[in-house]
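Architecture and fold: a report
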Amino acid sequence: MASAATLLQDVFGFDGFRLGQEEIVDAVAAGENTLAIMPTGGGKSLCFQLPALMRDGVTVVISPLIALMRDQVRALQAAGVNAGALTSGNTPEETDAVWEALERRELKLLYIAPERLAAGSSIGMLRRIGVSLIAVDEAHCVSQWGHDFRPDYLRIGALRAALDVPLAAFTATADEETRTEIVQKLFDGAQPRTFLRGFDRPNIHLAFAAKNGPRAQILNFAAARKGQSGIVYCGTRAKTETLAQGLREAGHAAIHYHGGMEADDRRIAERRFQQEDGLIVAATVAFGMGVDKPDIRWVAHADLPKSIEAYYQEIGRAGRDGAPAETLTLFGPDDIKLRRTQIDEGLAPTERRNADHGRLNALLGLAEALECRRKTLLTYFGEDEVTCGRCDLCDSPAEVFDGTTAVRKALSAMLRTEERFGAGHLIDILLGTDTDKMRQHGHSGLPTFGVGQEYTRPQWQAVFRQMMGHDLVRPDAERYGALRMTDAALPILRDEAQITLRRDTIKAAAARRPAVKTMVSEEDAPLLSALKAKRRGLAEAAKVPAYVIFPDRTLIEMAEKRPQTLDQMAQINGVGAKKLQNFGDAFLSVIVGDAPALHPSRRKLAGREAGNLYDQLLAVQADLARGNDGTEKPLSCSASQLAKVATLRPSDSSALEKLLGDRRAARFGSAFLDVLRQAG
Ligand code: ADP
Ligand code: ZN
């Protein structure tokens, strides 16, 4: 059995495991039943793909979405792995090819759609083909209470029992209930080896900003990341269309996506996003489940998400390849009002509504956080050891002030007007603005009239927004816009508690054009674009998504390290043996111009120890071309003979003679054996 580390390097071209992968790979390869909970982008696929290569027989992979299965299969094939899928999306030729590979016992991974399990014949078929492992992707789909329930997933338990092989289940959804349900449904209640890897996604930069010309804020954010794939989540369907239009007018490739579109149009949009490099999609939250693009470089929220869980899931779609990714979440008082109202007007029972308010509060707490966002976010998920340095508040700490007096004044204005007014009118009272409404209600006579003139209107707006964010006040569901005080405000009102507020980021968010963010330094940027152009050409020709050729990370490393030879190319993360063979030259020639020609026999050894040996043998041979004293007839070995010596490493002269014949063995034998011996 080839070792996991060797396969990781040779097949996938990765230098090392990501956090948590190695333990899972070991357990799965050893045939243990396992349940692994890893965040999106943690690298789950590798945790069954690698064991599949290490084990005899076929690994059956059950995965909920056909389009994603096809992409995984393509990516595996591009890495030289014998994988196939049986889905309703197959052409007859594809299906035939899968069957032939199965019959020849060559297939290592067979992806099947859960619907297939409904056909009674499937279990019989799977029994015949020598399945040795079942891998279940998105295992939370067995959960009847979850949002992605797939009834066919319930058949997997029976399949495992019938085949009597180990099962490895993977999911990013970690809550206790779902986990219990997975154990019941997939493992018949017997606890599998469970791996829980933390929620942190260290490569994702977190940032929030109060809305202040939100359209310009989003356009600026996109402008600084031109040419990079991104998602803009919008609160309404209409906004997805207008923002996509705005982005196109600003010169981006952008499309929109929402649940009101025809199913076909939705699929086309998903496909385009998956395949095209640098496309932006403006979407509602309906966009996500069908997307499995590892190189999404940024996610922006044009409107506040509905909860901290939703936020985490949505930003989590960025940067699954591990390369730096950025996020920006906009929020304003109207968002808070809208989200509160949605919860209050929903049909859920009270308990559930309270929980939803709590989840929204957690997100607002994150939006108004005074220190590190990552710490605030992960603390909510129960993690206590957090290192960051990649969030807006770590970049530049929030400016804070003691807001106790301001909040008290605002509360007092609210209470003296019987909690019947919205922020706009309350701010007028605090500023002492004379309006019709003021006169109509006789509010200019209130003791709070004009007591807040130390702040400007935008500053008061920020105070009110933060009061909503801290859940001190809530919009009244019955009287739209009117603010009511919550119990949380009582201690402040009674002078028993202080509150620290942020001086608003509004001035910083004003529509100044941010500096362009590139993925590499300025001097490497042109090379990176050239490499991307090469990748695009190859991807289009092969009709596969760009990342199937190489992920961004790999191109970035190429642009930075500038490998000069195929051997150096093989050292780049993400360049496995098969891809080196297929694409190595193409990318090398982008970096060094036309690369010096390598003999095909030598090319096959690129990046391996044998390649190095080959070069030494070649040098020794050149010295001996005319024999020890330089007077004999010229003689040399063929490239394929040298390659054989370098790979097989004969240990004595008779073994060497078999490879080279007696004449060449006599001339080069002892020198070659020296080279081999020195290499150990
Ligand atoms: P998820 O856990 O979301 O299913 P994937 O399995 O799709 O994540 O992996 C996300 C990306 O990370 C893929 O592009 C994959 O090739 C890459 N990846 C996985 N493991 C490693 C590793 N050890 N080193 C480098 N890249 C990796
Ligand atoms: Zn931070």
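Thresholds applied
- Residues numbered from 1 in each chain as written.
- Chains lettered and ligands numbered in written order.
- Predicted model: local features only at pLDDT ≥ 70, side-chain atom pairs only at ≥ 80, totals over all residues.
- Heavy atoms only, no water.
- Helix = DSSP H or I, 4+ residues; strand = E, 2+ residues; numbered from the N terminus.
- Buried < 20%, exposed > 50% of the residue type's maximum accessible area, 1.4 Å probe, protein only.
- Areas by Shrake-Rupley, 256 points an atom, 1.4 Å probe, with all protein chains shown as cover.
- Donors = N, O, S within 2.8 Å, 3.2 Å for Na, K, Ca; no water.
- Tetrahedral: all angles 85-135°; square planar, octahedral: opposite > 155°, others 65-115°.
- Core = buried A, V, L, I, M, F, W, Y, C linked by side-chain atoms within 4.5 Å.
- Contact = heavy atoms within 4.5 Å.
- Expected span 1.5 Å × (residues − 1).
- Pairing = 2+ DSSP bridges.
- Right-handed = clockwise from strand over helix to strand, strands pointing away.
- Arc of directions from axis to C-beta.
- Axes fitted to C-alpha atoms, helices over the stretch in contact; angles between N-to-C directions.
- Left-handed = near helix turned anticlockwise from the far one by under 90°.
- Near = heavy atom within 4 Å.
- Polar contact = N/O pair within 3.5 Å; in protein donor to acceptor, adjacent residues only side chain to side chain.
- Salt bridge = Lys/Arg side-chain N within 4 Å of Asp/Glu carboxyl O.
- pLDDT = per-residue confidence, 0-100.

Assigned secondary structure in the protein chain consists of 32 helices and 18 strands. Seen through its C-alpha atoms, the protein chain measures out along the principal axes to roughly 115 × 60 × 45 Å. Looking at the 680 residues of the protein chain, the share that counts as buried comes to 51%. In the form shown here, the protein chain has an accessible surface area of approximately 30400 Å², with 50% of it arising from carbon and sulfur atoms.

Further remarks concern the coordination of the zinc ion (ligand 2). Ligation of the zinc ion (ligand 2) by protein atoms is provided by Cys 372 (SG), Cys 388 (SG), Cys 391 (SG) and Cys 394 (SG), these donors lying 2.3 Å from the ion. Note that the zinc ion (ligand 2) binds 4 donor atoms; their angles at the metal cover 97 to 118 degrees, and the shape is tetrahedral. The sequence pattern describing where the donors of the zinc ion (ligand 2) fall on their chain is C-x15-C-x2-C-x2-C. Residue Cys 388 is classed as partly exposed on the basis of its relative accessible area, which comes to 28%. The class for Cys 391 is buried, based on a relative accessible area of 0%.

With 56 residues, the main nonpolar core has Val 407 and Trp 460 as its most contacted residues. Residues within four places of Val 407 in sequence aside, it is in contact with Val 463, Met 467, Leu 472, Ile 492, Ile 499 and Leu 501. Among the nonpolar cores identified, the runner-up in size contains 34 residues, and Ala 52, Met 69, Leu 76 and Phe 170 belong to it.

Backbone geometry places Lys 543, a non-glycine residue, at a positive phi of 55 degrees. With respect to the element layout, Lys 543 can be found in the loop between α23 (525-542) and α24 (546-549). By relative accessible area, which is 63% here, Lys 543 ends up exposed. Its identity is not glycine, yet Arg 649 carries a phi of approximately 50 degrees, on the positive side. The residue Arg 649 is located in the loop between α30 (639-648) and α31 (653-660) in this model.

Taking 1.5 Å of rise per residue, 13 residues should cover 18 Å, and helix α20 (residues 457-469) covers 18 Å from first to last C-alpha, within 8% of that figure. Turning to α20, its buried residues are Trp 460, Ala 462, Val 463, Phe 464, Arg 465, Gln 466, Met 467, Met 468 and Gly 469. In the segment just after α20, Asp 471 is the residue with positive phi, at about 60 degrees.

Below, the discussion takes up the side chain of Gln 72. Note on placement: Gln 72 falls in helix α4 (residues 66-78). Judged by relative accessible area, which is 12%, Gln 72 ranks as buried. Residues within four places of Gln 72 in sequence aside, it is in contact with Ser 45, Phe 48, Gln 49, Tyr 111, Asp 137 and Asp 292.

Residues Ile 280 and Ala 282 line one face of strand β12 (residues 280-283) and the alternating positions Val 281 and Ala 283 line the opposite face, and both faces are buried. Sheet analysis places strand β11 (residues 254-257) next to β12, joined by 4 bridges and oriented parallel. In the sheet register, Tyr 257 faces β12, and the bridge partner there is Ala 283. Taken together, β11, helix α11 (residues 263-275) and β12 constitute a β-α-β crossover, and its handedness is right-handed.

Let us look at helix α7 (residues 156-163). Along α7, the residues that are buried comprise Ile 156, Gly 157, Leu 159, Arg 160 and Leu 163. Projected onto a plane normal to the axis of α7, the buried residues spread over an arc of 160 degrees and lie on a single side. Buried residues in α7 make contact with β2 (58-62), α6 (121-128), β5 (131-136), β6 (167-171) and α8 (176-187). Downstream of α7 by one or two residues, Asp 164 has phi in the positive range, about 55 degrees.

Let us now look at the packing of helix α29 (residues 609-623) against helix α32 (residues 662-679). Put simply, α29 and α32 touch, their axes get as near as 10 Å, and they point 145 degrees apart. At the point where α29 passes α32, the crossing takes the right-handed sense. Taking contact as the criterion, the partners of Glu 609, Leu 613, Gln 616, Leu 617, Val 620 and Gln 621 in α29 are, on α32, Phe 668, Ala 671, Phe 672, Val 675, Leu 676 and Ala 679.

Looking at ligand 1, there are 16 residues lining it, with Gly 16, Gly 41, Lys 44, Ser 45 and Arg 320 nearest. The side chain of Arg 18 places a nitrogen or oxygen atom 3.0 Å from an oxygen atom of ligand 1. Between ligand 1 and the protein, one listed contact pairs an oxygen atom with a side-chain N or O atom of Ser 45 at 2.6 Å. With the chains in place, 85% of the 570 Å² that ligand 1 exposes on its own is no longer accessible.

Locating Asp 200 in the fold gives a position in the loop between β7 (193-196) and β8 (204-205). On the basis of relative accessibility, which here comes to 19%, the residue Asp 200 falls in the buried class. Those residues in contact with Asp 200 that lie beyond four places of it in its chain are Pro 39, Arg 374, Leu 378, Glu 383 and Thr 387.

Turning next to the pattern of salt bridges. The full count for this structure, using the stated rule, is 45 salt bridges. As a salt-bridge pair, Asp 303 and Lys 239 come within 2.7 Å of each other at their nearest N and O atoms. Of the two residues, Asp 303 sits in the loop between β13 (298-301) and α12 (308-315) while Lys 239 sits in helix α10 (residues 237-249), which places them 64 residues apart along the sequence. Given the relative accessible area of 11%, Asp 303 is considered buried. Accessibility expressed as a relative area gives 26% for Lys 239, which makes it partly exposed. Taking the shortest distance from any N to any O, the salt bridge between Asp 615 and Arg 602 comes out at 2.8 Å. Residue Asp 615 is located in helix α29, and its partner Arg 602 is located in helix α28 (residues 600-603); the two are separated by 13 residues in the primary sequence. One network of salt bridges, in which partners are shared, links Asp 277, Arg 297, Asp 321, Arg 535, Arg 536 and Asp 552.

Turning to the environment of Gly 316, a few remarks are in order. Take Gly 316: it is sitting in the loop between α12 and β14 (325-331). In the structure, Gly 316 is positioned 151 residues away from Val 165 in sequence and 33 Å away in space, judged by C-alpha atoms.

Let us look at the pairing of β5. Two faces make up the sheet, and in a regular strand the side chains alternate between them. Most of β5 is tucked away, with 6 of its 6 residues classed as buried. The sheet contact formed by β2 and β5 spans 5 bridges and is parallel. From the neighbouring strand, Val 61 faces β5, where its bridge partner is Ala 135. Note: β5 against β6, 3 bridges, orientation parallel. Counterpart to Ala 135 in the pairing with β6 is Ala 168.

The subject of this paragraph is the confidence of the model for the protein chain. Of the residues in the protein chain, 97% reach a pLDDT of 70 or more, and the chain-wide mean stands at 89. The secondary-structure element of the protein chain with the lowest mean pLDDT is helix α22 (residues 506-509), recorded at 47, while β13 shows the highest, at 98. Ignoring residues within four places in sequence, the model shows residues 508-512, a span with pLDDT below 50, making 6 contacts including any to other chains.

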